[in-house]
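Read off the chains here:
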Amino acid sequence: MEVKINREKIMEGVRLILEGIGIDPNDENFRETPRRIAEFYDELLSPKIGDEDYKYFTSKGDLVIVKDIQVYTLCPHHLLPVFYRVYVAYIPSGKVVGVSKIVRLILDEARRLTLQEQYTENVASKLQELVESSDVMVVVNGIHYCMRMRGVKTPNAEVVTSAIRGKFRDYALRMETMRLMGFE
Ligand SMILES: [Zn+2]
């Protein structure tokens with residue numbers, strides 16, 4: 001699902017939500033709220049090029065791991081914040097890709113409303129294309145504020161998903177990769 005941001009629509013919607021909870025949207029404390037929220041969604045959900053920042057890169061032999069990429073997004077069911085820590089590994093097929101491209105892929109995939117399971121699969125598939133290798137592994141650790149703040153209210157719950165493809169299905173390689181990713 002491609003996201004096309006229409007700020008006017010979002011502002012209209014936020015005004016309705018404010019009215020729905022009994023707040024006058026023209027009250028001076030709330031007058032700028034619709035615009036602020038529209039800008040926030042635009043910032044969070046528009047695909048971007050850039051973000052060359054990355055800190056984590058290790059490699060060992062023919063294994064490349066990029067770990068602990070931190071990403072904020074929103075959940076599709078409640079539009080509440082989700083915080084991901086993303087770990088990826090691949091075995092280059094002769095081509096090593098700049099780490100910034102991998103980080104950008106991880107960030108861009110999060111700028112759309114998807115479930116964590118789908119996000120993990122999407123990152124794995126896009127990574128396979130980017131590095132031109134079918135041997136990829138993706139682990140995503142997610143903190144979902146819709147779980148923490150509402151419903152069953154599980155303050156410490158984290159959701160871990162993985163996509164394991166190609167040679168990473170091998171148990172020993174998968175364990176070695178998990179260890180290098182920092183999971184013991
Ligand atoms: Zn949710």
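Residues numbered from 1 in each chain as written. Predicted model: local features only at pLDDT ≥ 70, side-chain atom pairs only at ≥ 80, totals over all residues.

Another aspect to go through is the overall build of the protein. Across its full length, the protein carries 6 helices and 5 strands. Going from N to C terminus, the protein has its helices and strands arranged as α-α-β-β-β-α-α-β-α-β-α. Taking the principal axes of the C-alpha coordinates as reference, the protein spans close to 60 × 35 × 25 Å. The burial tally for the protein puts 22% of its 184 residues in the buried class. Counting only contacts in the protein whose residues sit at least 6 apart along the sequence, the fraction spanning at least 24 positions is 66%. (Helix = DSSP H or I, 4+ residues; strand = E, 2+ residues; numbered from the N terminus. Buried ≥ 20, exposed ≤ 12 C-beta atoms within 10 Å, placed from the backbone. Contact = placed C-beta atoms within 7 Å.)

A few words now on the nonpolar core. Grouped together as the largest cluster of nonpolar side chains are 30 residues, with contacts concentrated most on Val86, Val88, Ile106, Val123, Leu127, Val136 and Val138. Going through the elements one at a time, strand S2 (63–74), strand S3 (81–90), helix H3 (99–109), helix H4 (116–131) and strand S4 (136–144) are the ones with two or more residues in this core. Looking at this core element by element, the count peaks at 7 residues for S3. Val123 has contacts with Val86, Val88, Leu105, Ile106, Glu109 and Val138, leaving out every residue within four places of it along the chain. (Core = buried A, V, L, I, M, F, W, Y, C linked by C-beta atoms within 7 Å.)

So, about the packing of helix H1 (residues 7–20) against helix H2 (residues 33–45). Running from N to C, H1 and H2 point in directions that differ by 130 degrees, and their axes come no closer than 8 Å. By the criterion of interaxial angle, the relationship of H1 to H2 is oblique. Crossing of H1 over H2 shows right-handed handedness. Across the interface between the two elements, Arg7, Ile10, Met11, Val14, Arg15 and Leu18 of H1 pack against Thr33, Pro34, Arg35, Ile37, Ala38, Tyr41 and Asp42 of H2. Residues belonging to the contact of H1 with H2 are distributed by class as follows: 8 nonpolar, 1 polar and 4 charged. (Axes fitted to C-alpha atoms, helices over the stretch in contact; angles between N-to-C directions. Parallel < 35°, antiparallel > 145°, perpendicular 65-115°, else oblique. Left-handed = near helix turned anticlockwise from the far one by under 90°. Nonpolar A, V, L, I, M, F, W, Y, C, P; charged D, E, K, R; others polar.)

Right, let's get into unusual backbone geometry. Backbone geometry places Leu79, a non-glycine residue, at a positive phi of 55 degrees. Residue class for Leu79 comes out exposed when judged on the 11 C-beta atoms lying within 10 Å of it. Even without a glycine there, the phi angle at Glu132 is positive, about 50 degrees. Position of Glu132 among the secondary structure elements: in the loop between H4 and S4. Judged by local crowding, Glu132 falls into the exposed class, with 12 C-beta atoms found within 10 Å.

Here we take up the domain arrangement of the protein. Domains assigned within the protein are domain 1 (7–45) and domain 2 (58–181). In this structure, domain 1 and domain 2 have C-alpha centres spaced 32 Å apart. (Domains from an automatic or database assignment.)

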